[in-house]
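Here are the chains, one letter per residue:
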Amino acid sequence: MAQSTEATLIYNAKAGTSERASPDHLVEELAAIGYRPIYRATASPDDIAQALEGARGTLFVAGGDGTLRAVALHLLARPEEERAALRVGVIPMGTANNVARTLGVLGDPLEVIRAYAGAQAVPFDVGRVRGPWGQDLFLEACGCGLFADVMAEYGPDEGKSVLRAVQAMIRAMPGFAPPTVSLTLDGRAFPDDAYTILEVMNTSATGPTLRFSTHADPTEGTLDVIRVAHSDRESMLAYLTSLLTDTFEDRPSVQSHDARVTEISYVGQIFHVDGETRQAAPGGRVSIEAWPGALQMLRPQRQP
Ligand SMILES: Nc1ncnc2c1ncn2[C@@H]1O[C@H](COP(=O)(O)OP(=O)(O)OP(=O)(O)O)[C@@H](O)[C@H]1O
């Protein structure tokens with residue numbers, strides 16, 4: 001069956017690299033590869049619900065991970081038949097673009113659109129979290145440990161700032177003492193331990209392009225659990241260097257497992273869910289599972 005040529009463009013003018021192409025240019029380029037795009041202007045995530053009303057065919061999302069998350073959360077709240085009829089095409093114009101990067105969609109926005117000519121959609125998993133604070137969904141990653149603590153210090157709602165990021169690290173790192181928690185992966189219990197890093201990854205990177213998992217694949221139905229026991233931790237420099245050289249999982253202290261369901265006891269530790277943080281009164285557990293193929297994402301035929 002021929003794919004629908006109907007398309008809606010959501011464009012975040014506030015995303016990190018939105019100056020690379022205007023909505024008019026994107027519309028023109030989408031028309032050139034055979035779509036009939038309608039541009040729906042949005043000034044904030046609050047406008048997305050209205051922008052998606054009546055949308056059919058393909059939703060092109062021009063922005064970064066935050067824009068994509070905002071759109072995805074709306075789609076994921078829709079009934080399955082409606083959601084399955086919509087495809088999402090990411091046009092990376094953010095700062096980190098972790099989701100686009102994992103799908104191999106990187107480069108100049110107009111080139112990305114050209115590479116989408118004739119592209120098929122692939123099933124894209126989403127992570128589902130149930131914790132004492134409530135329920136959440138994530139596209140990139142969810143976890144606890146040093147990264148979540150630094151993110152909470154940073155205050156992700158206050159906008160991006162390198163200075164605040166450095167200050168957050170300086171505040172969170174010296175007193176960092178992770179609590180001992182229980183961990184179960186697909187029913188297999190591990191001995192209780194304290195973790196410097198405990199990340200459940202859907203995409204290979206999260207946050208400011210922290211590529212904790214070199215092989216996470218959001219099209220395969222499982223999540224990649226990355227953990228570093230606090231007793232085995234190496235120097236911060238070793239981790240930062242390995243993140244820069246894309247060899248984080250090669251560090252001797254880093255363990256990784258594929259799992260559909262991860263369960264972590266909740267003792268009051270801070271969790272991050274993509275770029276947001278969560279905390280609640282201690283007690284109970286956090287259950288994180290893959291929702292296989294929750295979204296349909298366009299993947300280019302060739303690299304842009
Ligand atoms: N459709 C939208 N229109 C306008 N603003 C939006 C929209 N969607 C999200 N936003 C706001 O813009 C902020 C920045 O967007 P986004 O995260 O996509 O860019 P970024 O921070 O440069 O990229 P990345 O998350 O990839 O580093 C979001 O956190 C959100 O508050």
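Position labels on residues start from 1 in each chain and follow its written sequence. Two thresholds apply to this predicted model, a pLDDT of at least 70 for residue-level local features and 80 or more for giving and counting side-chain atom pairs, whereas whole-chain, interface and lining totals are computed over all residues. Derived side-chain values reflect all non-hydrogen atoms in the structure, with water molecules and hydrogen atoms excluded from consideration.

Asker: Explanation requested: unusual backbone geometry in the structure shown.
Answerer: Backbone geometry follows two general trends: most residues other than glycine have a negative phi, and most peptide bonds adopt the trans configuration. Non-glycine residue Asn97 carries a positive phi angle of around 55°. Going along the chain from the N terminus, every DSSP run of H or I of four or more residues is numbered as a helix, and every run of E of two or more is numbered as a strand. Relative to the helices and strands, Asn97 is located in the loop between strand 4 (87-92) and helix 5 (98-103). Phi is positive for Asp186, close to 45°, though the residue is something other than glycine. Tracing the sequence through the fold places Asp186 in the loop between strand 8 (180-185) and strand 9 (188-201). The exposure class of Asp186 is partly exposed, given its relative accessible area of 44%. Relative accessible area decides the class of each residue, using a 1.4 Å probe on protein chains only: under 20% of the type maximum gives buried, over 50% gives exposed, and in between gives partly exposed.

Asker: What's the story with the site of the ligand in this structure? I'm lost.
Answerer: For this purpose, a residue is taken to be near a molecule or strand whenever a single non-hydrogen atom of the residue falls within 4 Å of it. If you check the shell around the ligand, you find 19 residues, and the closest are Gly16, Gly64, Thr67, Thr95 and Lys160. Within the backbone of Gly16, one N or O atom sits 2.6 Å away from an oxygen atom of the ligand. Polar contacts here mean pairs of N or O atoms no more than 3.5 Å apart (in protein, one a potential hydrogen donor and the other a potential acceptor; neighbouring residues in sequence count only if both atoms are side-chain atoms). One nitrogen or oxygen atom from the main chain of Ala96 is found 2.9 Å from an oxygen atom belonging to the ligand. Where accessible areas are quoted, they stem from the Shrake-Rupley method and a 1.4 Å probe; at the residue level, only the protein chains shown are allowed to cover. Taken by itself the ligand offers 620 Å² of open surface, and the protein chains cover 81% of this. For the shell around the ligand, the element with the highest residue contribution is helix 3 (residues 65-76), accounting for three residues.

Asker: Would you mind showing me how to read helix 3 here?
Answerer: The periodicity of an α-helix, 3.6 residues per turn, causes residues three or four places apart in sequence to face the same way. Between the first and last residue of a helix there are one fewer steps than residues, each counted as 1.5 Å, and that sum is the expected span. Relative to the 16 Å expected for twelve residues at 1.5 Å per residue, helix 3 spans 16 Å between its end C-alpha atoms, a close match to the ideal helical length. By the criterion of burial, helix 3 is predominantly enclosed, with nine of the twelve residues buried. For helix 3, the set of buried residues is Asp65, Thr67, Leu68, Arg69, Ala70, Val71, Ala72, Leu75 and Leu76.

Asker: What's the story with the side chain of Arg278 in this structure? I'm lost.
Answerer: Residue position: Arg278 is located in strand 14 (residues 276-278). There is a polar contact of 2.9 Å between the side chain of Arg278 and the side chain of Asp136. Side-chain polar atoms of Arg278 contact the side chain of Glu276, separated by 2.7 Å. Here, residues are in contact when the closest pair of their heavy atoms is within 4.5 Å. Those residues within four positions of Arg278 in sequence are excluded, and the remaining contacts are Arg69, Trp133, Asp136, Gln269, Ile270, Phe271 and Val273.

Asker: I tried to follow the packing of helix 7 (residues 146-154) against helix 8 (residues 162-172) on my own but got confused; where do I start?
Answerer: The relative placement of two packed helices comes down to the angle between their axes together with the axis-to-axis distance. To get an axis, a line is fitted to the C-alpha atoms, and for a helix only the part in contact is used. The angle between two axes follows their N-to-C directions and goes from 0 to 180 degrees. Relative orientation of the contacting elements helix 7 and helix 8 amounts to 125°, with a least axis distance of 8 Å. By the angle between their axes, helix 7 is oblique relative to helix 8. As for the relative orientation of helix 7 and helix 8, their crossing is right-handed in sense. Packed against helix 7, whose contacting residues are Asp149, Val150, Glu153 and Tyr154, the element helix 8 presents Arg164, Ala165, Ala168, Met169, Arg171 and Ala172 at the interface. For the contact of helix 7 with helix 8, the residue count by class is six nonpolar, no polar and four charged. Each angle receives one of four descriptions, namely roughly parallel if under 35 degrees, roughly antiparallel if over 145, roughly perpendicular if within 65 to 115, and oblique otherwise. Definitions for this section: a left-handed crossing has its near helix turned counterclockwise from the far helix by less than a right angle. A right-handed crossing has that turn clockwise. Lys, Arg, Asp and Glu make up the charged group, whereas Ala, Val, Leu, Ile, Met, Phe, Trp, Tyr, Cys and Pro make up the nonpolar group; the residues left over, Gly among them, are polar.

Asker: What is the right way to look at the pattern of salt bridges in this model?
Answerer: Oppositely charged side chains may form a pair once their charged atoms are brought near each other. Any Lys or Arg side-chain nitrogen located within 4 Å of an Asp or Glu carboxyl oxygen qualifies as a salt bridge. Evaluated as defined, the whole model comprises 13 salt bridges. Note that Glu6 and Arg56 form a salt bridge whose closest N and O atoms lie 3.4 Å from each other. A residue pair is termed long-range when its members are at least 10 positions apart, and Glu6 in strand 1 (residues 6-11) and Arg56 in the loop between helix 2 (48-51) and strand 3 (58-63) qualify at 50 residues. Judged by its relative accessible area of 28%, Glu6 falls in the partly exposed class. Exposure remark for Arg56: the relative accessible area of 53% places this residue in the exposed category. Each member of the salt-bridge network shares a partner with another, and the members are Arg69, Asp136, Asp274, Glu276 and Arg278.

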